[in-house]
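Spelled out from the first residue to the last, the chains are:
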Amino acid sequence: MLPILLFLLPLVAQASKPVTSVLHANWEHTPIILEASEFIAEEDNSLFFKYLTRVGGSSEQTNEDEYIWAMAGAADFLTEVSESLLKLSLSLRQYSARIQMYQEIAETALGKLDCDVFVQINGHAQCYTTSLPTPSLSIPRVPLIKFDHIYRDDTSLPQVILYCDLREEDCMTAHGDFAGRADRGEVAYVFRHYCYFTGDGKVTLSGYGVELAVKSTEYTTVDDSKIEDDGAASKSGGEDEFEGFRFGFLREKYPDSTADLNKLKEFLVDAKDAMKPLKAWQISELGMQAAQKVVSAPGEEPLAVLAKYSQNLPSLARSLSRTAVTTELRKEIKENQEVLQRYNVKEGDSVLLLNGMLIDLENADPFSLLKKLKSEAKTVGGLSSLKDVGFSEVNNLLKSDLYKKGITYGIDMRDPAVLYINNLERDRDYHHWPRDLHELLRPSYPGMLKHLRRNINNVVMVVKPSDPRSGVLFRLAALLLENSTPVRIGFVVTGSEPVDVLYGAAVNHLRPSSTDNPVLREFITELAEDGITEATIKSELSDSASVKINDQFLADNSALLDAGNNFIEMSGVSPNSVIVNGVVLDNLEGIEESLLNTLQNQLPKLQRAVYMGEVRDGMDLLDWWMSSESIVSRYNPDILDQNKGYTVTLSSLAIDEVYEKFDELLRYSIWLGGDQSLPVSMTIVAGADSDGLLTTVLDSLSKLTKTRVSFIFAADTDASFALYSALSGGERDVEKLKEAVQQAAGNGDRAAFTEIVKSHSEVARVILHATSSAILCNGRVITPSSPITGQDLILLETIELRLGADKIAEILGNNAESDTIMRAASILRVQEEATKRISFPELKKEHSAVKIPGEGPFQVEAVLDPLSKGAQQISQILAVLHQAKLISLTIFLNPIEKLSEIPVQRFYRYVLEPELRFDKETGEIAEVGSHFTDLLPHLLLTMSLSTPVNWMVASTNSPHDLDNIRLNDVKDGVHAEYTLDYLVIEGHSHDPLRYNNPTKGLQYDLVSGEKRHDTIVMANLGYFQLKAGPGVWRLSLREGPSREIYRITGVDGPGDLNEGTGDVTITVGDLTSTFITVDATKKPGMHDRSISAENEQQQKPPAGTGESGGDGGIWSSLKNLVGGDSGGSGGKVSSTNETIHIFSVASGHLYERMLGVMMQSVLAHTKNPVKFWFLKNYLSPKFINSIPALASALGCEVEFVQYQWPSWLTAQSEKQRIIWGYKILFLDVLFPMNLKKIIFVDADQIVRADMKELVDLDLGGAPYGYTPFCDDRPEMDGFRFWKQGYWRNHLMGRAYHISALYVVDLQRFRLISAGDRLRGQYQGLSQDPNSLANLDQDLPNNMIHQVPIKSLPQEWLWCETWCSDSSKATAKTIDLCNNPQTKEPKLDRAMRIAPEWRQYDRKQKEILEKAASTSQVKAEKDKPTPKKDAHSEL
């Protein structure tokens, strides 16, 4: 083999130059041991303090020493699986953001104090000393956040928050001090991290992808006629020579090395000819050939082979095309694809299953996967730890889809007490409506109910006439009838006051034999208008019927009221409620909107049933609604609302003394209800108010046929003592136990019982979070808001059985113990999401799949196209999870059988390691990043990062042009450094009282200290986006119309609504996505006001003015909306010194150089101040660092803007098309809300006029103005696509406009929701990859009928390609657009067409050289120049 190695030496010497990158967070190093403590706290907060005691106070010398110490301490508390997950999370630096969050909080709290250990006592900060006196209780307290480490929280005690570094001995001294005080009941104690000394350098991140996309260039079309001959020669064994190597001779001399020699020759051939175009027949089979390579790899190598070919396809396609594919592989792939089609998985699709859970491959990242793995580890580990629960039972439990969340329960409303006053199927008023249920499947306007002659919408109002609040329901019924709303209306009359009795008798008397009784409807609607009193009832009744009202009349007509009172007693529904197809609405505030919103939410279920044929003509629709599994016999929101209460996992309870007490209590309590296997276990927490509850439970025990009951005595009452005494004495007869409770006479040791109560009350408070009577049911803690009845207990049993307790008992078998069922239920109900598990058991594995066994508890099944972007990413993630001993893996290959082009034109690396790596010499954390080698030096490549959706990243250090990497042009390779600038908060904003419609146009502020960001809500899904970072942020409605008209009424997600201030506290302490849903409703009296009215007449200024005009109405609101006092929409700017705002985008050094020329040309022709806004996402570090000096020398302002492409909006894959998207799709959200007009100018333009003219130009009500393409250069007629076909028909005589220059009236743009309309159209068109070829200008031209364009005068944009030479003299801007005929280089074109270009370019060069020589160029990230109106957050 030595000669072979000698032959390889020249190749090693000529190895390609590397391309590398690294990504840092924008905060300093965070200690590893602190990050480890956060992982453990997420496992269980009570473990945090045990871990703190175990590892605290030991300051290790190096990062590696600290890591070893952290892992050694964690091993005492974690399983092997959790240890592997901890290693992976530390490698990802997943909790670094949380430590930085604490650092931000601590520095704010510390203020001007200077100490490394400090405390906040009742909100006041002071340095810690051992002599601190025990504080007294005072207000206000510091609000706690969701990540806080709470040792003891008790509002009756003084609050102490300790800030310190657990590695320091002083910190541990302070912790011991306050833990002791908390144990003695002196303080409520909370621990927060704070590092007085931060580490050197920024945190290095991983968990993202890096791509080098091959840029399209002309050199790719070269003659490849020799390729086939080369392939044939390489397979022959004769005398063949290549690159100086005589391979035939070498094979004869070294026959044992023939295989190595063949590989060497193949490598040389591929290195020389790799990028020559393949022929169609060579491309066609690449998918199948890649599958063959993967399945042929031995052992654990298939993942490496999959990564090799998917991540390096542009250079390996030729060698791959020589691979022979077996018939068996082809046949099995074909058969498997037929099976996959039944699961809606098409040829070439990729699917990833984790223990049967479907993982979204498009948005899969290690952070979200780690979160799922942690949750799954808890579930699987908890279930596996239970008695007699093996692998098969765990698997079946996970696949059974138990304990679903988000179920909306309803009650059975088929009751004699319900009096319907109309019937849509029979009454004459509705006879002209269609009856066919398939009408439901026709499109309709959002928010509208279908007018069908069917009782689809059944609404029952539970009224108590003597209660004034019931008047709301009577008026609602009258309104629904008056507007012919397609709703069947019924009443349940309740009460006992004289007016209730009289009203009940009256409607009972008028009750029709058939519902079509206008007399009854008139009686009810008239009373709704007049008000319900005895006098009005008697008056209306005398008008409607000839009756004598006396005691006999009341007695004869009492049936309806009696039935109504019985209904509320049995059903649990309170008066003044509305029942909508079973769903109970018990809040009258905004009842009209709530009713219609509920009906809209129910409609899709019926539509689906109609479509599937489950509902047919002739069926009673009320019976169909009531047949749902979500319909129950009784209403109790404490039981039915699964979000109410608290859930405790009843496994792994041996983590501290209190939990051990609880575990022992559960195991050895006296359980009533039988010894057989019962699926429901209820533990009654008997508090001070529990006497009635105890009696109710004992009364109901015989009816709870599948429930066992035990007791926790949390209060020392006579009834509890009596029950405890009887049970301890061996009494099990329920009647005798009940008698003991009722007599409240115990005969045991009261002092011993008092000690029992102390122990039980601690369990109730610490573990069950119960401070009064409560019920623990299979892990769910219910604290009743009203007295529990026997029917409520039966309801609780019913719900528990339906959610999954019965199914658990069935899976575990008849011999399963009740204790095991109870604990299994508690584990399954706390799953992060009850996800339906799926599998593909029919898929064959012999020839087209690879099985890689592993040591972990997670089973991964992947269906992959080996040559896809998904395979590029997931192959590395799966390899790391396997190395971390977490998964066993089966890969089913699903390639496209016949390809027409190379499917992946990029090189790719995924930055991820299973464990932290350390420098061997220093012991510090080794930097991880991407590393590309063996790249062909003549290729032109562009680098991009593929990060989690909430990371906003920018390149911050590299002298190289990362948009145009050609290794031939560099000496030693290319290195790039990127920085995580922001963690994005995304959300939806809806109005729950208006059908959950988006609150479009609503504006939000996000504030943390001095940092402030603002945004506007899109109509698209109510989406909004805000930049943030680790810390605590306050989200509020922006001053102006948003705050005047709306209020925040609710929040779902990682945010807490502050009832007093009406804002939302958002804690950002995670590298994963922060997504919230905000409910915003109009304030009372504001229902007629609109944030963004779209009525065109309201937008127009008074006739004949051209100014905004007027002091009120929509124009006044608009002024408040956008701020400022000049430059009204569509009018002239009054100030002669108004700042001109110019927006531009660029990527690559050439276009950035042109950007500097464009800036000078703008400034040279105006006397007004100018501010340039540049999209930072794709600018180079060189430009970002140099722009302050350039701006200072030129006398202008520059600000960078950033925006993250929303995850719901179809993404573009090519960098250039992404940049085009930013030019047009986000104009309403890119800039501050008070910015009124902005002019986009392409980087390659030269301006020859005063841009103030465009600022002052009246756009005639259009949101933006573009220049039409010239049409006076006849030789280009063949390229004018807009003059023919689709565009000619679509434009209908209008001009097609160029996107190189346009002016945007941001006020008008936002007011008419132009951005929402453009995004909506883009979303539809982008589903076709062949549409929007020139995205930034095709989209506005396509939408010209919906979003009008003001055509700017032709002289505002001259381009030699399209415009005549004679028109150049009057040109106000010159655009260097490409010429498809000559393909002249951009720089040559610039210097030939615009003589001033050289002068501007020379001046720019001089400025930057001078700045560099005097060290004036400084790297700035978000504040490139000083400015009066800073928006550095953008």
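Treat the numbers as computed from the prediction; the structure is a model and nothing was measured. (Residues numbered from 1 in each chain as written. Predicted model: local features only at pLDDT ≥ 70, side-chain atom pairs only at ≥ 80, totals over all residues. Heavy atoms only, no water.)

**Student:** Give a description of the overall build of the protein chain that names residues and reports values.
**Tutor:** In terms of regular secondary structure, the protein chain is built from 48 helices and 51 strands. In the protein chain, which comprises 1434 residues, the proportion classed as buried is 56%. Look at the contacts in the protein chain between residues 6 or more apart in sequence, and 78% of them connect residues 24 or more apart. With the model as given, the accessible surface of the protein chain reaches about 60,500 Å², and the carbon-plus-sulfur share is 48%. (Helix = DSSP H or I, 4+ residues; strand = E, 2+ residues; numbered from the N terminus. Buried < 20%, exposed > 50% of the residue type's maximum accessible area, 1.4 Å probe, protein only. Contact = heavy atoms within 4.5 Å. Areas by Shrake-Rupley, 256 points an atom, 1.4 Å probe, with all protein chains shown as cover.)

**Student:** Can you break down the state of the cysteines residue by residue, with the values?
**Tutor:** Evaluation of the coordinates by the stated rule reveals 4 disulfides. Through a disulfide, Cys-115 is tied to Cys-127; the S-S separation comes to 2.2 Å. Across the S-S bond of Cys-115 and Cys-127 the torsion is about -90 degrees, and the bridge reads as left-handed. Of this pair, Cys-115 sits in the loop between helix 6 (96-110) and strand 2 (118-121) while Cys-127 is found in strand 3 (residues 124-127), placing the two residues 12 residues apart along the sequence. In this structure Cys-115 comes out as buried when scored by relative accessible area, which is 9%. Residue Cys-1270 pairs covalently with Cys-1363 via a disulfide, S to S 1.9 Å. With the S-S bond torsion at 75 degrees, the cross-link from Cys-1270 to Cys-1363 turns out right-handed. (Disulfide = S-S within 2.5 Å.)

**Student:** Describe the side chain of Asp-1070, with residues and values.
**Tutor:** Within the secondary structure, Asp-1070 sits in the loop between strand 40 (1064-1068) and strand 41 (1074-1082). With relative accessibility at 18%, the residue Asp-1070 sits in the buried group. Side-chain polar atoms of Asp-1070 contact the side chain of Thr-1072, separated by 3.1 Å. In contact with Asp-1070, other than residues within four places in its own chain, are Gln-94, Ala-97, Arg-98 and Leu-983. (Polar contact = N/O pair within 3.5 Å; in protein donor to acceptor, adjacent residues only side chain to side chain.)

**Student:** Requested: an account of the packing of aromatic side chains, with residues and values cited.
**Tutor:** All chains considered together, the criterion is met by 50 aromatic pairs. Relative to Phe-753, the ring of Tyr-724 has its centre 5.1 Å away and its plane inclined at 40 degrees; by these criteria the two rings are tilted. Note that Tyr-724 is positioned in helix 29 (residues 718-728) and Phe-753 in helix 31 (residues 750-766), a separation of 29 residues in sequence. Judged by relative accessible area, which is 0%, Phe-753 ranks as buried. Ring plane angle 85 degrees and centroid distance 5.8 Å describe the contact between Trp-1173 and Phe-1231, whose orientation is recorded as edge-to-face. Taken as a pair, Trp-1173 in strand 43 (residues 1170-1175) and Phe-1231 in the loop between helix 41 (1227-1230) and strand 45 (1237-1241) lie far apart in primary sequence, 58 residues in all. Residue classification places Trp-1173 among the buried positions, given a relative accessible area of 1%. For Phe-1231, a relative accessible area of 1% puts it in the buried group. Three or more aromatic residues joined by ring pairs make a cluster, and in this case those are Phe-1143, Trp-1173, Phe-1231, Phe-1240, Tyr-1264, Tyr-1266, Tyr-1302 and Phe-1309. The ring of Phe-147 carries Arg-98 above its face, with NZ or CZ at 3.8 Å from the centroid. Stacked on the ring of Trp-624, the Lys or Arg Lys-605 has its end atom at 5.8 Å from the ring centre. (Phe/Tyr/Trp six-rings, centres within 6.5 Å; stacked < 30°, edge-to-face > 60°. Lys NZ or Arg CZ within 6 Å of the ring centre and 35° of its normal.)

**Student:** Explain helix 18 (residues 470-482) residue by residue, including any values.
**Tutor:** Owing to its 3.6 residues per turn, the α-helix brings residues three or four apart onto one side. Taking 1.5 Å as the rise per residue, helix 18 with 13 residues should run 18 Å; its terminal C-alpha atoms sit 19 Å apart, in good agreement. Taken together, the buried positions of helix 18 are Ser-470, Gly-471, Leu-473, Phe-474, Leu-476, Ala-477, Ala-478, Leu-480 and Leu-481. Of the surrounding elements, those touching the buried residues of helix 18 are strand 15 (458-463), strand 16 (488-493), helix 19 (498-510), helix 20 (518-530), strand 17 (577-580) and helix 24 (591-611). (Expected span 1.5 Å × (residues − 1).)

**Student:** If you had to explain the pattern of salt bridges to someone new, which residues and values would you point to?
**Tutor:** One pass over the structure, following the stated rule, counts 76 salt bridges. For Lys-334, the salt bridge identified is with Glu-897, shortest N-O distance 3.9 Å. With Lys-334 in helix 15 (residues 327-341) and Glu-897 in the loop between strand 27 (887-893) and strand 28 (906-911), this pair connects stretches of sequence that are 563 residues apart. Under the relative-accessibility criterion, Lys-334 is labelled partly exposed at 42%. Using a relative accessible area of 29% as the deciding quantity, one classes Glu-897 as partly exposed. (Salt bridge = Lys/Arg side-chain N within 4 Å of Asp/Glu carboxyl O.)

**Student:** Now, about the packing of helix 27 (residues 657-668) against helix 31: what can you tell me, with residues and values included?
**Tutor:** Running from amino to carboxyl end, helix 27 crosses helix 31 at an angle of 110 degrees, the nearest separation of the two axes being 10 Å. In terms of orientation, helix 27 lies roughly perpendicular with respect to helix 31. Residue-level inspection shows Val-658, Lys-661, Phe-662 and Leu-665 of helix 27 in contact with helix 31, the latter providing Ser-759, His-760, Glu-762, Val-763 and Val-766. Classifying every residue of the contact of helix 27 with helix 31 gives 5 nonpolar, 2 polar and 2 charged. (Axes fitted to C-alpha atoms, helices over the stretch in contact; angles between N-to-C directions. Parallel < 35°, antiparallel > 145°, perpendicular 65-115°, else oblique. Nonpolar A, V, L, I, M, F, W, Y, C, P; charged D, E, K, R; others polar.)

**Student:** Describe the sheet that holds strand 17, and please don't skip the residues or the numbers.
**Tutor:** Overall, mixed pairing links the 5 strands, which are arranged 14-16-15-17-18 in an open sheet. Both outer strands of the open sheet, strand 14 (419-420) and strand 18 (583-585), are each paired with one neighbouring strand and no more. With 4 bridges joining them, strand 15 and strand 17 adopt antiparallel strand pairing. Residue pairing across strands places Val-459 opposite Val-580, the latter belonging to strand 17. The strands that helix 23 (residues 559-571) touches are strand 14, strand 15, strand 16 and strand 17; relative to strand 16, the one it contacts most, it runs at about 90 degrees. (Pairing = 2+ DSSP bridges.)

**Student:** An account of the confidence of the model for the protein chain is requested, with residue identities and associated values reported.
**Tutor:** Residue-level pLDDT values for the protein chain average 86, and 90% of them are 70 or greater. Considering only residues more than four positions removed or in separate chains, one finds that residues 1094-1134, a stretch of pLDDT under 50, has 71 contacts. (pLDDT = per-residue confidence, 0-100.)

**Student:** Just give me the short version of the environment of Asp-530, but keep the residues and values in it.
**Tutor:** Considering the arrangement of structural elements, one finds Asp-530 in helix 20. Using a relative accessible area of 42% as the deciding quantity, one classes Asp-530 as partly exposed. Sequence separation of Asp-530 and Glu-540 is 10 residues, and the distance between their C-alpha atoms is 9.6 Å.

**Student:** Could you give me a rundown of the nonpolar core, with the residues and numbers involved?
**Tutor:** Formed by 158 residues in total, the largest nonpolar core has its most connected members in Phe-191, Trp-951, Tyr-1004 and Leu-1035. If you look at the next biggest cluster of nonpolar residues, it comprises 104 residues, including Ile-1016, Leu-1190, Val-1229 and Trp-1356. (Core = buried A, V, L, I, M, F, W, Y, C linked by side-chain atoms within 4.5 Å.)

**Student:** Go over the sheet that holds strand 28, please, and point to the residues and values.
**Tutor:** With respect to topology, 3 strands assemble into an open sheet ordered 28-8-30, the strand pairing being antiparallel. With partners counted over all chains shown, the strands left at the sheet margins are strand 28 and strand 30 (941-946), one partner each. Averaged over all pairs of adjacent strands, the angle between their axes in this sheet comes to 15 degrees, without regard to strand direction.

**Student:** Explain the pairing of strand 15 to me, using residue names and the numbers behind them.
**Tutor:** With 6 of 6 residues buried, strand 15 lies mostly within the body of the structure. Note that strand 15 and strand 16 share 6 bridges and pair parallel. Note that in strand 16 the partner of Asn-458 across the bridge is Arg-488. Assessed by its sense of winding, the connection that carries the chain from strand 15 through helix 18 to strand 16 is right-handed. (Right-handed = clockwise from strand over helix to strand, strands pointing away.)

**Student:** Tell me about a negative patch on the surface, and please be specific about residues and values.
**Tutor:** Taken together, the side chains of Asp-114, Asp-116, Glu-168, Glu-169 and Asp-170 make up a negatively charged region of the molecular surface. Tracing the sequence through the fold places Asp-170 in helix 7 (residues 169-183). (Patch = residues over 30% accessible without salt bridge, like charges linked within 9 Å, V, L, I, M, F, W, Y side chains within 5 Å. Lys, Arg positive; Asp, Glu negative; His and termini not counted. Charge placed at Lys NZ, Arg CZ, Asp CG, Glu CD.)

**Student:** Outline the side chain of Ser-1364, listing residues and values.
**Tutor:** Position of Ser-1364 relative to the elements: it lies in the loop between strand 50 (1358-1359) and strand 51 (1373-1375). One polar contact links Ser-1364 to Asp-1272, side chain to side chain, over a distance of 2.9 Å. Each residue touching Ser-1364, except ones within four places of it in the same chain, is listed here: Asp-1272, Arg-1273 and Trp-1358.

**Student:** Can you explain the packing of helix 4 (residues 63-74) against helix 5 (residues 80-92)? Please cite residues and give values.
**Tutor:** The relative placement of two packed helices is expressed as an angle between their axes plus a distance between the axes. Here helix 4 crosses helix 5 at 150 degrees, and the two axes come no closer than 11 Å. Considered as vectors, helix 4 and helix 5 are oriented roughly antiparallel to each other. Considering the relative orientation of helix 4 and helix 5, their crossing is right-handed. When helix 4 is examined against helix 5, the residues Tyr-67, Met-71 and Ala-74 are found in contact with a partner set consisting of Glu-83, Leu-86, Lys-87 and Leu-90. Split by residue class, the contact of helix 4 with helix 5 holds 5 nonpolar, no polar and 2 charged. (Left-handed = near helix turned anticlockwise from the far one by under 90°.)

**Student:** With reference to specific residues and values, describe the pairing of strand 44 (residues 1197-1201).
**Tutor:** Of all 5 residues making up strand 44, 4 are buried, and the element is well covered by its neighbours. Pairing between strand 43 and strand 44: 5 bridges, direction parallel. Bridged to Phe-1172 within strand 44 is Val-1198. Running through helix 39 (residues 1181-1194), the crossover from strand 43 to the neighbouring parallel element strand 44 is right-handed.

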